[in-house]
2 protein chains.
Amino acid sequence: MKVTVTTLELKDKITIASKALAKKSVKPILAGFLFEVKDGNFYICATDLETGVKATVNAAEISGEARFVVPGDVIQKMVKVLPDEITELSLEGDALVISSGSTVFRITTMPADEFPEITPAESGITFEVDTSLLEEMVEKVIFAAAKDEFMRNLNGVFWELHKNLLRLVASDGFRLALAEEQIENEEEASFLLSLKSMKEVQNVLDNTTEPTITVRYDGRRVSLSTNDVETVMRVVDAEFPDYKRVIPETFKTKVVVSRKELRESLKRVMVIASKGSESVKFEIEENVMRLVSKSPDYGEVVDEIEVQKEGEDLVIAFNPKFIEDVLKHIETEEIEMNFVDSTSPCQINPLDISGYLYIVMPIRLA
Amino acid sequence: MKVTVTTLELKDKITIASKALAKKSVKPILAGFLFEVKDGNFYICATDLETGVKATVNAAEISGEARFVVPGDVIQKMVKVLPDEITELSLEGDALVISSGSTVFRITTMPADEFPEITPAESGITFEVDTSLLEEMVEKVIFAAAKDEFMRNLNGVFWELHKNLLRLVASDGFRLALAEEQIENEEEASFLLSLKSMKEVQNVLDNTTEPTITVRYDGRRVSLSTNDVETVMRVVDAEFPDYKRVIPETFKTKVVVSRKELRESLKRVMVIASKGSESVKFEIEENVMRLVSKSPDYGEVVDEIEVQKEGEDLVIAFNPKFIEDVLKHIETEEIEMNFVDSTSPCQINPLDISGYLYIVMPIRLA
């Protein structure tokens, strides 16, 4: 086996595949890259059994056949420091010899027998979506997913396909984020991808220059394909909760407020709220929203901002981080906050933009 | 007590004083700032008993007298988010009321009785030194100090004053850094400042705009003074080792090499060296230095660079991080490496610049 490749191409494909390397390795071999040279092609693969990447390396010269595994962290560090523009790979016994300029690495390889096959979903439904649109949708909801891997049904993003509609939903039980957009699609389907898989999706969307991406779903796996890279993710075998039940249908109080002013006010009251209570009281009156937080040990803070209000006065309390998280993911200058009462979920959405909404559960008034 | 001050000035002086706040607090009160309003002056103080800062706040209006302690972390966060350009401070019972724009904080204060006096050294020797020169000297040696606080005699920087000379030395037992410069001074003296105190020294030098700084030493404490800020540090009561014994007087091999090329070569061999051995063999021949590292599990790397050599051929091994650390702190394009033999300390210094030198102990050849 012999491969001659530009160092940059080798580094790029290693970097793309490295996102699927197993971090805490159940099987040691999954902390490595599979290098496969076959039929004039050179593939670099990695998988942690939940997600997998198969990258095709565009090499100037490929000869022979080989299939072996190399240690992930050493190879990742190595490709960053190779001195020459061109790198040559060959085998010497069970050592992979990497030569670049006046540097020679001899890296011990492992047999590839136990490395799992990384096969994409071959059947199932297929849809195309605008890359930057999907990227935005994911970014707008992913933060609301539960971080705890043991909450399997919430530790991810729920994908819902209807005729000409894609909806993404994430929730950790305390807040929920929803994004929907028109796409060309005929089928009905839904699946849950774990947070780890969703980060892989973001990674794919970040790294492609193609304007649209093809998504395939076969009931068990989801694959995203671009020119040189196939990324496969296993869907989570758990049921996403019936999220529609927490979205209120009518409201009694509506507040329109500058997103920037509310963010700055939150920063101020969080100085005290972060010292234990994690609670901020919102006192909503005619043209004023007063944010108040108290700490038995450190004191209190009162902060007033101007708002436009319709409907009833209201006093309600939130974990300020959840409101701050929502504000970080809205881009309009003004936002709408829609309330039922002090114990019901609050709906926050960008002003005059439909398809995107956030739900935050209140906390008990102290 | 009432103080009116620009929010920026309050934030600046809190930031300066905060560097002396106790991190892991032995006495809870030392995690706070002492606020002292007296004779028309407003001082903010902090100390962890080892270092202390007394900052004079330039306030537009100061009236009354008060002396109390406020919690360090809350105040630090608060000054960063005050909304208006002007902030007013007053006392309401034992609460410090901070008003800025439409924000009001009421912060619980603690009595100041147990807060230690922060007094500068009043007697002792005094010398002046160019601020940027001292900053450079400190930066060139501080990295070589032992990080372990329990190695009291090495966990710091040794200051040596001779007639018209200031020398700084740091060592962790494996490597040593020395910097000396001419200054105007008549007295002989030496003292050891802990790494923590030295970081405080760096902080003072970073934050002053004055071209020279006055250093005072009274046998127990060292003080640095600039316009509004006094910084006092306790010297370490431990003896710095006789460092002159490890500096070789004659050499058998001298290598001149590009600093940049050696740094890049080190990065390459460290890919393997960092996998367990932490050892790189330097094979020095006529015009070549070959760096070799091996790992029983991962393989090996061989890297060659061109050098100019005088004297005998040599094979010697180092922890590559120690050589890399030295190279980061030299600015000349080429460096000199001076060797005695494979078991004696190596001296590294910038080419054609005197007063700065580094010693690195070799490790046993594998």
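So, how was this worked out
- Residues numbered from 1 in each chain as written.
- Chains lettered and ligands numbered in written order.
- Predicted model: local features only at pLDDT ≥ 70, side-chain atom pairs only at ≥ 80, totals over all residues.
- Heavy atoms only, no water.
- Phe/Tyr/Trp six-rings, centres within 6.5 Å; stacked < 30°, edge-to-face > 60°.
- Helix = DSSP H or I, 4+ residues; strand = E, 2+ residues; numbered from the N terminus.
- Buried < 20%, exposed > 50% of the residue type's maximum accessible area, 1.4 Å probe, protein only.
- Salt bridge = Lys/Arg side-chain N within 4 Å of Asp/Glu carboxyl O.
- Contact = heavy atoms within 4.5 Å.
- Buried area = accessible area lost by both parts, 1.4 Å probe.
- Polar contact = N/O pair within 3.5 Å; in protein donor to acceptor, adjacent residues only side chain to side chain.
- Nonpolar A, V, L, I, M, F, W, Y, C, P; charged D, E, K, R; others polar.
- Pairing = 2+ DSSP bridges.
- Axes fitted to C-alpha atoms, helices over the stretch in contact; angles between N-to-C directions.
- Patch = residues over 30% accessible without salt bridge, like charges linked within 9 Å, V, L, I, M, F, W, Y side chains within 5 Å.
- Areas by Shrake-Rupley, 256 points an atom, 1.4 Å probe, with all protein chains shown as cover.
- Lys, Arg positive; Asp, Glu negative; His and termini not counted.
- Charge placed at Lys NZ, Arg CZ, Asp CG, Glu CD.
- Least-squares fit on C-alpha atoms with pLDDT ≥ 70 in both.

1. Describing the packing of aromatic side chains
Applying the stated criterion across every chain yields a total of 20 aromatic pairs over all chains. Plain terms: the ring middles of F35 of chain A and F68 of chain A are 5.8 Å apart, the flat faces sit at 40 degrees to each other, and that makes the pair tilted. Taken as a pair, F35 of chain A in strand 2 (residues 32-38) and F68 of chain A in strand 6 (residues 66-71) lie far apart in primary sequence, 33 residues in all. Judged by relative accessible area, F35 of chain A falls into the buried class, the value being 3%. Ring centres of F143 of chain B and Y358 of chain B lie 5.8 Å apart, and the angle between their planes is 40 degrees; this geometry places the pair in the tilted category.

2. Things to note about the pattern of salt bridges
Following the criterion strictly, the structure yields 56 salt bridges over all chains and no others. Its salt-bridge partner being E9 of chain A, residue K13 of chain A comes within 2.8 Å of it at the nearest N-O pair. Of this pair, K13 of chain A and E9 of chain A both sit in helix 1 (residues 7-18), 4 residues apart, roughly one helical turn. Look at K13 of chain A and you get buried, because its relative accessible area is 5%. Classification of E9 of chain A as buried rests on a relative accessible area of 14%. Between R290 of chain B and E304 of chain B there is a salt bridge whose closest N-O contact spans 3.2 Å. Of the two residues, R290 of chain B is situated in strand 21 (residues 288-295) and E304 of chain B in strand 22 (residues 299-306); the sequence distance between them amounts to 14 residues. Using a relative accessible area of 17% as the deciding quantity, one classes R290 of chain B as buried. Each of the salt bridges in this network shares a partner with another, and the network as a whole consists of K281, E283, E285, R290 and E304 of chain A.

3. A short note on the interface of chain A and chain B
On the side of chain B, 28 residues touch chain A, which itself brings 28 residues to the contact. With both sides pooled, the region where chain A packs onto chain B buries about 2,400 Å², and carbon together with sulfur makes up 56% of that total. By the criterion of area lost to chain B, the three top residues of chain A are R268, V271 and Y298 of chain A, representing 22% of everything that side buries. Joining chain A to chain B, the criterion identifies 4 salt bridges. Between E300 of chain A and R106 of chain B there is a salt bridge, and its shortest N-O distance comes to 3.1 Å. Our count for the chain A to chain B interface comes out at 15 residue pairs in polar contact (both at pLDDT 80 or more). Broken down by secondary-structure element, the contributors of at least two residues to the side of chain A that touches chain B are helix 2 (72-81), strand 9 (103-108), helix 5 (259-273) and strand 22 (299-306) of chain A. Classifying every residue of the side of chain A that touches chain B by side-chain character gives 13 nonpolar, 5 polar and 10 charged.

4. Quick notes on the side chain of R290 of chain B
Residues and elements named next belong to chain B. Engagement of the side chain of R290 in a polar contact is seen with the side chain of E285, the distance being 3.2 Å. A polar contact is formed between the side chain of R290 and the side chain of E304, at a distance of 3.2 Å. Ignoring any residue separated from it by four or fewer positions in sequence, one finds R290 in contact with K281, F282, E283, E285, V302, D303 and E304.

5. Some remarks on the sheet that holds strand 27 (residues 356-360) of chain A
Residues and elements named next belong to chain A. Strand order in this open sheet of 9 strands is 15-12-13-14-27-26-25-19-23, and the pairing throughout is antiparallel. Two strands bound the open sheet, and with one partner strand each, they are strand 15 (189-194) and strand 23 (308-311). Across the sheet, the mean angle separating the axes of adjacent strands is 15 degrees when strand polarity is ignored. Note: strand 14 (residues 175-182) against strand 27, 5 bridges, orientation antiparallel.

6. Brief notes about a positive patch on the surface
Residue and element names in this part refer to chain A. Taken together, K11, K19, K23, K77 and K80 make up a surface patch of like positive charges. Mapped onto the fold, K11 is located in helix 1. Accessibility expressed as a relative area gives 31% for K11, which makes it partly exposed.

7. Quick look at the relation of the copies chain A and chain B
For the match of chain A to chain B, the screw axis carries a shift of 0.0 Å, the RMSD comes to 0.0 Å, and the turn is 180 degrees. Taken together, the turn and the small shift mark the pair as related by a two-fold rotation axis. Of the interface residues in chain A, 100% have counterparts in chain B that sit at the interface too, so the contact is made through matching surfaces.

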